[in-house]
Amino acid sequence: MGVTEENENQVQVAIWLPGISSCKLCLYRSGRASKKIEMFSMEETGMQDIFSVLLTGEGVIEQLDGVEYDFLADGKTVQDPYTRAVAGRGKFGKKQGKIRGRMSFEPFDWSGENWKRLPQDEMILYQCHVRGFTRHSSSGVEFPGTFAGMQEKIPYLKELGINTLLLLPMYDFNEKMEEPNSKGEKKINYWGYTGDVFYFAPKAGYCTGRTSPSAEFQSLVKALHQNGMNVLLDMYFVGQTPEFILQCLRYYSLHFHVDGFRINQDCMDTSWLRKDPVLSHVKLLGNSWGDQMENAAREICFEMNDGFMMDARRYLKSDEGQTGNFYRRFREQRNGVGVIHYITQNNGFTLRDLISYDVKHNEGNGEKNQDGTEYNYSWNCGAEGATRKKSVLRMRQRQEKNAFVMLFLGMAVPMLLAGDEFGNSQKGNNNAYCQDNIITWLDWRLLEKNQETFAFAQKLITLRKKHPLFHQRKNLTGMDNQSLGAPDVSCHGREPWEADFSYYSRELGILYYGSYFGARSLYFAFNFHWDSHDFYLPAVESEKQWKLILDTSGERESVRKGSITGKYQMMPRSIAVFEGVCTRPERSGRRKKN
């Protein structure tokens, strides 16, 4: 279907129109009608509702490149759902003329791409909106709000440690909505989750106009791959057939070298994706894949639902009865499917807002603050919104660090919401789907203001990348199944080996035993009580002493200079991470065994 280049002298155009008896292809040059060409029904094959025409002639590709088109079907204008480029939406939020398809045959040079799909254990995800990432004047890019602007920020992403982008809808959607906002103006569909789209066409409003949207997006993907990064697309299908969806995803995989997709699984039987000869090799993100998955799918299929987000938020704000839930989430791994964890995402509070607001503030959406979820599990740390109270600001800084540790040092693949690493805020709006303004555009001035926040996130990402614990191919079992002296992962309370999952408990210790992953052990101590508590550290095999790696309270830095034996005083609402200190030589052969 759509426009297909057969060779340099032949172009086929085809469209499926159920219930239509006649169809013409209408061509336009410079916005004006140029030619109408009768299309032929394939009724001789029994498919009378498929119309096609073969355009031939020497240099026809060059002649048709950039020509706009649509169809006249029984007297009504119809657009091509398979078009690879769109005219009339060149500027985001502004209609510039008639919406039509545009023929595009621009070649792209992929040489030097060095494309490599990252394995699960290496992935650090970053959920990002193409426009909002660089649209703010503070972004410092030459082409703000575009694919090219995002490409300019690749050095920043590498510095942070990000290696996998998850882009919100980047295909050509209709952002103009009929509903008015609080100012009486028509709303903008900023996110792009709508059915009024051209799925095969990269969004013209995200393009600089120097080249075609397809070529500019290809350039972005190539640059990401050259820098050892991957890119995943959020595809939201509405009212499309399974065959259409498969063709669309194959097109982005083959034509744009995209590494994977997040899809709304209600649109089709997702087993089709896993059995497709092309799509079975890309990453597929969904809400649930069930339990009947082959182990090979762990590198293909990834589950990302709100379970970890809700449990982590509730434990972070010190709700009762959350210790056991968080322990299971923090060490969560699945057989046959990958797991992606996040504490924030585009649909909800940013991390800075999660620790600054008790309730949502969506008045600017024009829906009387009735939209957006009521279940945020947030805590403002003592004051609602912006404040100068030092005690509140100190607590927010601690809670922010706690959230980063919970996200980046768990066993699942972490996903960071763009801007959380430098304190981006949406002023308490937890449903900013219609805010194309400074509410959703990242303010890069915050990066300099919140350098400590950025550096802490960067440090945790580096630790995750380097530590062998996070690069195991086998799931942890919670048992000493190799008789190495302790379970691979074990749960503790203030006392070693005595986990406390009681309703009022807010203290948790987690030990990852190093002999199972060829490194020194790691011990995590969580104290989300509002009082300080002594934690007695476990002694395992040769590791009877511990070295402090980090403490989110920031009040025990002097302890880092020496080893710790016995107990450690945990400050209120803080996390400490320790590394085992080897006090005697290990038995020969143990490392080799693992």
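Placed above this text is the structure.
Residue positions within a chain follow its written sequence, with the count starting from 1. In keeping with the predicted nature of the model, local features appear solely for residues at pLDDT of at least 70, side-chain atom pairs appear and are counted solely at 80 or more, and the whole-chain, interface and lining totals rest on all residues. Working from all heavy atoms in the structure, the side-chain values ignore hydrogens and water.

*Asks:* How would you sum up the packing of helix α11 (residues 390-408) against helix α13 (residues 451-466)? Please name residues and give values.
*Replies:* Where α11 meets α13, the axes come as close as 10 Å, and the angle between the chain directions of the two elements is 20 degrees. Between α11 and α13, the crossing angle belongs to the class labelled roughly parallel. The handedness of the crossing between α11 and α13 comes out as right-handed. Across the interface between the two elements, Q397, E400, K401, F404, V405 and F408 from α11 touch E452, T453, F456, A457, L460, I461 and R464 from α13. A class-by-class count of the residues in the contact of α11 with α13 yields 7 nonpolar, 2 polar and 4 charged. With axes taken as lines fitted to C-alpha atoms, and helix axes fitted only over the stretch in contact, angles between N-to-C directions fall between 0 and 180 degrees. Numbering of helices and strands runs from the N terminus, with a helix taken as a DSSP run of H or I at least four residues long and a strand as a DSSP run of E at least two residues long. Just so you know how the angles are binned, under 35 degrees is roughly parallel, over 145 roughly antiparallel, 65 to 115 roughly perpendicular, and the rest oblique. Should the near helix be turned anticlockwise from the far one by less than a right angle, the crossing is termed left-handed; should it be turned clockwise, right-handed. Whether two residues are in contact is decided by their heavy atoms, any of which lying within 4.5 Å being enough. Each residue is assigned to one class: nonpolar for Ala, Val, Leu, Ile, Met, Phe, Trp, Tyr, Cys and Pro, charged for Asp, Glu, Lys and Arg, and polar for all the others, Gly among them.

*Asks:* Describe the packing of helix α8 (residues 307-316) against helix α9 (residues 323-330), listing the residues and the values that go with them.
*Replies:* For the pair α8 and α9, the least separation of the axes is 9 Å and the interaxial angle reads 135 degrees. One element, α8, and the other, α9, form an angle in the oblique class. Handedness of the α8/α9 crossing: left-handed. Of α9, the residues touching α8 (which contributes G307, F308, D311, A312 and Y315) are T323, N325, F326 and R329. A per-class count over the contact of α8 with α9 returns 4 nonpolar, 3 polar and 2 charged.

*Asks:* Tell me about the side chain of E216, residues and numbers included.
*Replies:* Looking at the element boundaries, E216 is found in helix α5 (residues 213-226). No salt bridge forms around the buried E216; measuring N to O, its nearest opposite-charge neighbour R210 is 4.9 Å away. Contact partners of E216, with chain neighbours within four places excluded, come to T146, F147, A148, Y206, C207, T208, G209 and T211. Under the scheme applied here, a residue whose accessible area is under 20% of the maximum for its type counts as buried, over 50% as exposed, and between as partly exposed, the area being computed with a 1.4 Å probe on protein chains only. A residue counts as positive if it is Lys or Arg and as negative if it is Asp or Glu; His and the chain ends are not included. Each reported salt bridge corresponds to a side-chain nitrogen of Lys or Arg within 4 Å of a carboxyl oxygen of Asp or Glu.

*Asks:* Let's hear about unusual backbone geometry: which residues, and what values?
*Replies:* Of note, the phi angle at H257 is positive, near 60 degrees, even though the residue is not glycine. Turning to its location among the elements, H257 is positioned in the loop between α6 (242-255) and β18 (260-263). The buried category is assigned to H257, whose relative accessible area is 13%. You will see that Y377, though not glycine, has its phi angle at about 50 degrees, which is positive. Within the secondary structure, Y377 sits in the loop between α10 (351-354) and α11. Of the residues examined, Y377 reaches a relative accessible area of 27% and is grouped as partly exposed.

*Asks:* Now, about the sheet that holds strand β5 (residues 40-42): what can you tell me, with residues and values included?
*Replies:* Whether two strands pair depends on DSSP finding at least two bridges between them. If you walk across this open sheet you meet the 4 strands as β1-β2-β6-β5, and the pairing is antiparallel. Every other strand in the sheet has two partners, leaving β1 (2-7) and β5 as the edge strands with one partner each. For this sheet, the mean angle separating the axes of adjacent strands, direction not counted, is 30 degrees. Where strand β2 (residues 10-16) lies against strand β6 (residues 47-56), 7 bridges are found, and the strand directions are antiparallel.

*Asks:* Give a description of α6 that names residues and reports values.
*Replies:* Each helix should span, by expectation, one fewer than its residue count multiplied by 1.5 Å. Its 14 residues give α6 an end-to-end C-alpha distance of 20 Å, which sits within 8% of 20 Å, the value for a rise of 1.5 Å per residue. Buried within α6 are the following residues: F244, I245, L246, C248, L249, Y251, Y252 and S253. Contact partners of the buried residues in α6: β13 (171-173), β16 (197-202), β17 (230-235), β18 and α7 (271-274).

*Asks:* Before we move on, can you summarise the pattern of salt bridges with the specific residues and values?
*Replies:* Considering all chains together, one arrives at 26 salt bridges under this definition. Here E68 ties to R100 by a salt bridge, and the two come within 3.1 Å at their closest N and O atoms. Taken as a pair, E68 in strand β7 (residues 68-73) and R100 in strand β10 (residues 100-102) lie far apart in primary sequence, 32 residues in all. With a relative accessible area of 9%, R100 lands in the buried category. Put simply, R250 and D276 hold a salt bridge, and the shortest N to O gap is 2.8 Å. Separated by 26 residues along the polypeptide, R250 in helix α6 and D276 in the loop between α7 and β19 (283-286) bring together distant segments of the chain. Taking relative accessible area as the criterion, D276 reaches 4% and is therefore assigned buried. Through salt bridges with shared partners, a single network forms among R89, D172, E175, D196 and K203.

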